[in-house]
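Report on the structure
If you want the building blocks of each chain, they are given just below.
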Amino acid sequence: MRASPTGKGKQLATLLEANWLIVPGNNLKITNEFLNPNRAAPNGERTRWSLVYELSPIQFVQIRAGLRYYDGIPQDNSEHQRQYFAELHGFF
């Protein structure tokens with residue numbers, strides 16, 4: 001932990017991730033990310049949950065689809081959202 005920019009509190013960040021290899025080339029990933037930028041300030045926590053399915057049909061290509069749920073400070077409704085996504089990655 002390091003001091004926050006204001007110097008009044010400490011920040012806390014964690015990441016918890018689980019990966020399941022269903023069969024070779026098919027992976028299911030669940031993650032939880034937590035951030036509290038200033039532990040001295042109440043209700044400043046932010047979390048993000050992700051559920052992602054990864055498919056690698058051929059070498060160097062990955063297709064990802066999933067859901068992300070963001071939860072932030074109660075005073076800001078823009079920080080509470082769900083995001084559905086599909087991505088195509090090429091590695092070289």
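Below, the structure is looked at part by part. Since the model is a prediction, treat every value here as computed from it, not as a measurement. Numbering of residues begins from 1 in every chain and follows the order in which that chain's sequence is written. For this predicted model, a pLDDT threshold of at least 70 governs which residues receive local features, and a threshold of 80 or more governs which side-chain atom pairs are given and counted, while totals over whole chains, interfaces and linings are taken from all residues. To get the side-chain values, take all heavy atoms of the structure and skip hydrogens and water.

Turning next to a nonpolar patch on the surface. Here the term patch refers to residues with relative accessible area over 30% and no salt bridge, with like charges joined within 9 Å and nonpolar side chains (Val, Leu, Ile, Met, Phe, Trp, Tyr) within 5 Å. For the area figures, the Shrake-Rupley method with a 1.4 Å probe applies, and any residue is considered shielded solely by the protein chains shown. A carboxyl oxygen of Asp or Glu within 4 Å of a side-chain nitrogen of Lys or Arg is what we treat as a salt bridge. Residues W20, I22, V23, I30, L51 and Y53 make up a contiguous nonpolar surface patch of about 530 Å² in total accessible area. The greatest single-element share of the nonpolar patch, amounting to three residues, is contributed by strand β1 (residues 12–23). Numbering of helices and strands runs from the N terminus, with a helix taken as a DSSP run of H or I at least four residues long and a strand as a DSSP run of E at least two residues long.

The next subject is unusual backbone geometry. The backbone of F60 shows a phi angle near 75°, a positive value even though the residue is not glycine. Structurally, F60 can be placed in the loop between β3 (46–55) and β4 (61–71).

A pair of strands is labelled paired if DSSP reports no fewer than 2 bridges between them. Sheet architecture is open: five strands sit in the order β1-β2-β3-β4-β5, paired in antiparallel fashion. Because the sheet does not close on itself, it has two edges, and the strands there are β1 and β5 (81–90). Across the sheet, the axes of successive neighbouring strands diverge by a mean angle of 15°, strand direction being ignored. Examined bridge by bridge, β4 and β5 share 10 bridges and lie antiparallel to one another. Residue pairing in the sheet places Q62 in a bridge with H89 of β5. Inter-axis angles, ranging from 0 to 180 degrees, are taken between N-to-C directions of lines fitted to C-alpha atoms, where helices are fitted over the stretch in contact.

The next thing to look at is the packing of aromatic side chains. A pair of aromatic rings is counted whenever rings of Phe, Tyr or Trp (Trp by its six-membered ring) have centres within 6.5 Å, and the orientation is called stacked for planes under 30 degrees apart, edge-to-face for over 60 and tilted otherwise. Counted according to the given criterion, the structure contains zero aromatic pairs. In this analysis the charged atom, NZ for Lys or CZ for Arg, is taken to sit over a ring once it is within 6 Å of the ring centre and within 35 degrees of the ring normal. Residue placement shows R68 over the ring face of F85; its charged tip is 4.4 Å from the ring centre.

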